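Tertiary structure, described
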Amino acid sequence: MRAWCRGARAGFSSVWRPPAAAGPPWDKRTRAPAMEPQKEARTPGDPVEQPRGASRSQMPKEEERREGGAAPAAAAPGAETDCATADGLWELPVEPAERRPECSRCSRPQKVCLCPFLPVHPLHISTHLYIIQHPAEENKVLRTVPLLAACLPQDKCKVKIGRRFSEERDPELSTVCRKSGTLILYPGAEAANLEEFILDSPIYPTTIIIIDGTWSQAKDIFYKNSLFRLPTQVQLKTSISSQYVIRTQPTNRCLSTLECAAVALSILEKNIYIQETLLRPLQALCSFQLQHGAQIRLSKEHLLKNGLYPKPMPKNKRKLRKMELLMNSIKI
């Protein structure tokens, strides 16, 4: 009795059940072995009777399982047909997407050409301008460098595309960076104010280098190319706000590449007309885009201050620190 109780506590039932493998199936209603229908004996040549509801395609699989054969040959033609169709698609000629015809001067589509807003003749300047352009900026639709290059003489404005520059890769740029009259426009703690620098410098600058790209791209190019540490580093201290309102800027004081070049050249050439002329096509570009569905992009600084920033705050401490500096209007 105690043994039975211990078995019941352990989870064993007191009702005896026959083992599953011993004898025929057990009938629960009569408590007796169930009678199985007798199967008719057949010879190997007799056809197999197919049960109701079973498809004909299932029969070869069952015979195949018994015989240990390969996959049914009936499915092979369909698979081969699909493969042949796919192979035929790959062999079809690919028609390249047709690009809209572009203007040879402003590099804009001819239907939205901005040449009427460009100067009739390139501006006469004595300063050489070098644009170091990140490769990602080359194919952007709303880039400003082609407009800048269209306003200046070809021998005064040169565009260098790439991420890494060295003396072996670009001897011309290396020579320019080593000259005493070369400046590089990049903000920082060590950068001098351009207007103050030209007043105190014994050698008047003849060349200025500007990096074209996002702020992270420009930072990568500046710090990972030792050549760009050779020229004198300068920055712009101006109160003007960017007119490039169709792209988001980090702060209200950030300017596009064209705007930086316009302000810097007007200072170096001592001619405010240069700034007005270079900004005219940019104003026309933004006006056209706004008339055709574009929206004014407020700076990230403005969005953070007014609680309008649509994205969640970053979890990365370094990025979060940058966001806090933007909110407090501290120079990064």
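Residues numbered from 1 in each chain as written. Predicted model: local features only at pLDDT ≥ 70, side-chain atom pairs only at ≥ 80, totals over all residues. Heavy atoms only, no water.

What about the environment of R178?
Note on placement: R178 falls in helix 5 (residues 171–178). Here the alpha-carbon distance between R178 and L230, two residues 52 residues apart in the chain, equals 6.2 Å. Discounting residues that sit within four places of it in the chain, R178 has contacts with E167, L227 and L230. (Helix = DSSP H or I, 4+ residues; strand = E, 2+ residues; numbered from the N terminus. Contact = heavy atoms within 4.5 Å.)

Side note on the side chain of E259
Checked against the element boundaries, E259 lands in helix 8 (residues 257–269). We note that E259 is buried and unpaired, the nearest opposite charge coming from R247 at a distance of 11 Å. Residues in contact with E259, not counting those within four places in the same chain, are S242, Q243, Y244, L279 and L282. (Buried < 20%, exposed > 50% of the residue type's maximum accessible area, 1.4 Å probe, protein only. Lys, Arg positive; Asp, Glu negative; His and termini not counted. Salt bridge = Lys/Arg side-chain N within 4 Å of Asp/Glu carboxyl O.)

Thoughts on the nonpolar core
Formed by 43 residues in total, the largest nonpolar core has its most connected members in L129, L148, L152, L194 and L278. Of all the elements in the fold, those that place two or more residues in this core are strand 3 (128–133), helix 4 (145–151), strand 5 (182–185), helix 6 (194–200), strand 7 (207–212), helix 8 and helix 9 (272–291). When residues of this core are assigned to their parent elements, the largest contribution, nine residues, is made by helix 8. Contacts of L148, omitting those with residues within four sequence positions, involve L129, I131, L258, A261 and L278. Judged by nonpolar contacts, the second largest core, of 15 residues, contains V176, C177, A218 and F222. (Core = buried A, V, L, I, M, F, W, Y, C linked by side-chain atoms within 4.5 Å.)

Let's talk about the packing of helix 8 against helix 9
Between two packed helices, what matters for the description is the angle formed by their axes and the separation of those axes. For the pair helix 8 and helix 9, the least separation of the axes is 7 Å and the interaxial angle reads 165°. With respect to helix 9, the element helix 8 is oriented roughly antiparallel. Note that helix 8 runs across helix 9; the crossing there is right-handed. Residues L258, E259, A261, A262, V263, L265, S266 and E269 of helix 8 form the contact with helix 9, whose own contacting residues are I272, I274, Q275, L278, L279 and L282. Among the residues forming the contact of helix 8 with helix 9, the class breakdown is 10 nonpolar, two polar and two charged. (Axes fitted to C-alpha atoms, helices over the stretch in contact; angles between N-to-C directions. Parallel < 35°, antiparallel > 145°, perpendicular 65-115°, else oblique. Left-handed = near helix turned anticlockwise from the far one by under 90°. Nonpolar A, V, L, I, M, F, W, Y, C, P; charged D, E, K, R; others polar.)

Some points on the pattern of salt bridges
A complete count under the given rule lists eight salt bridges for this structure. Here E137 ties to K140 by a salt bridge, and the two come within 3.0 Å at their closest N and O atoms. Classification of E137 by relative accessible area gives buried; the value is 4%. Ionic pairing is found between K158 and E172, a salt bridge with its closest N-O pair at 2.9 Å. Of this pair, K158 sits in strand 4 (residues 157–161) while E172 sits in helix 5; the two residues are 14 residues apart in sequence, bridging distant segments of the chain. Connected through salt bridges with shared partners, the residues K158, K160, D170 and E172 form a single ionic network.

Let's talk about the pairing of strand 3
Extensive coverage of strand 3 is indicated by the burial of five of its six residues. Bridge count for strand 3 against strand 7 is six bridges, and the pairing is parallel. Looking across to strand 7, one finds that Y130 is bridged to I209. In this structure, strand 3 lies alongside strand 4, joined through five bridges in parallel fashion. In the strand pairing of strand 4, Q133 is matched with I161. Handedness of the strand 3-helix 4-strand 4 crossover: right-handed. (Pairing = 2+ DSSP bridges. Right-handed = clockwise from strand over helix to strand, strands pointing away.)

A few points about the sheet that holds strand 6 (residues 192–193)
Ordered by their spatial adjacency, six strands build an open sheet running 4-3-7-5-8-6, and the pairing between neighbours is parallel. Across the chains shown, the open sheet's two edge strands, defined by having one partner strand only, are strand 4 and strand 6. This element, helix 5, spans strand 3, strand 4, strand 5 and strand 7 of the sheet and lies at about 120° to strand 3.

Some remarks on helix 9
Taking 1.5 Å as the rise per residue, helix 9 with 20 residues should run 28 Å; its terminal C-alpha atoms sit 29 Å apart, in good agreement. Of all bends in helix 9, the biggest is about 30°, found at L279, and the proline P281 comes one to four residues later. Those residues of helix 9 that fall on the buried side of the exposure criterion are I274, Q275, T277, L278, L279, P281, L282, A284, L285, C286 and Q289. Summarising the contacts, the buried residues of helix 9 are in contact with helix 4 and helix 8. The backbone nitrogen of Y273 lies 3.0 Å from a side-chain oxygen of the residue at the head of helix 9, namely N271. The positive-phi residue at the C-terminal boundary of helix 9 is G293, with phi of around 110°. (Expected span 1.5 Å × (residues − 1). Bend = angle between axes of the 7 residues up to and from the residue. Polar contact = N/O pair within 3.5 Å; in protein donor to acceptor, adjacent residues only side chain to side chain.)

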